[in-house]
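Remarks on the overall topology
If you want the building blocks of each chain, they are given just below.
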Amino acid sequence: MMRTGEEYINALRDGRTIFINGEKITNHVDHPAFRNSIRTIANLYDYKIANPDKTAFKTKDGKQISLYWQYLLYQKN
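As recorded by an unreviewed UniProt entry, the chain carries the name HpaB/PvcC/4-BUDH N-terminal domain-containing protein and is attributed to Xenorhabdus szentirmaii DSM 16338.

What follows is the structure, given as structure tokens:
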């Protein structure tokens, strides 16, 4: 199952603390240093869901997953 952009963003809200130049950042998801890049990645997750014919494949058991994993799942030993 592919996750949505919202699921990606919510997964990042896990209580981690980041320091930037000695400043403690507790909400990095909405911090100006990360906000735009996080939203860009979230948009890519949403694009994958909206365009599965271009960005996903079905496994042998019928699950739809990202093309990122295709090589790892089906590589020849």
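Evaluated as defined, the whole model comprises three salt bridges. Measuring nitrogen to oxygen at the nearest pair gives 2.8 Å for the salt bridge that ties aspartate 14 to arginine 16. Judged by relative accessible area, which is 37%, arginine 16 ranks as partly exposed. A salt bridge links arginine 39 to aspartate 30, with the nearest nitrogen and oxygen atoms 2.8 Å apart. With relative accessibility at 28%, the residue arginine 39 sits in the partly exposed group. When its relative accessible area of 29% is taken as the criterion, aspartate 30 is described as partly exposed. Taken together, the shared-partner salt bridges connect Arg13, Asp30 and Arg39 into one network.

A word on the nonpolar core. One recurring pattern in soluble globular proteins: nonpolar side chains tend to sit buried together. Counting residues in each nonpolar core, the largest one holds seven residues, listed as Tyr8, Ile9, Leu12, Val29, Ile38, Ala42 and Tyr45. Contributions of two or more residues to this core are made by helix H1 (5-12) and helix H2 (35-50). Beyond its immediate chain neighbours, meaning those up to four positions away, valine 29 contacts Ile9, Leu12, Arg13, Arg35, Ile38 and Arg39.

Here, UniProt's "domain: HpaB/PvcC/4-BUDH N-terminal" (unreviewed entry) annotation points to residues 4-70. From the first C-alpha to the last, residues 4-70 spans 19 Å; its make-up is 43% helix and 18% strand.

One can find tyrosine 8 in helix H1. Between the C-alpha atom of tyrosine 8 and that of alanine 42, which follows or precedes it by 34 residues, the distance is 6.3 Å. Ignoring any residue separated from it by four or fewer positions in sequence, one finds tyrosine 8 in contact with Arg3, Ile38, Ile41, Ala42 and Tyr45.

Cut-offs and rules
- Residues numbered from 1 in each chain as written.
- Predicted model: local features only at pLDDT ≥ 70, side-chain atom pairs only at ≥ 80, totals over all residues.
- Heavy atoms only, no water.
- Salt bridge = Lys/Arg side-chain N within 4 Å of Asp/Glu carboxyl O.
- Buried < 20%, exposed > 50% of the residue type's maximum accessible area, 1.4 Å probe, protein only.
- Core = buried A, V, L, I, M, F, W, Y, C linked by side-chain atoms within 4.5 Å.
- Helix = DSSP H or I, 4+ residues; strand = E, 2+ residues; numbered from the N terminus.
- Contact = heavy atoms within 4.5 Å.
- UniProt positions renumbered as here; feature names shortened; annotations may be inferred.

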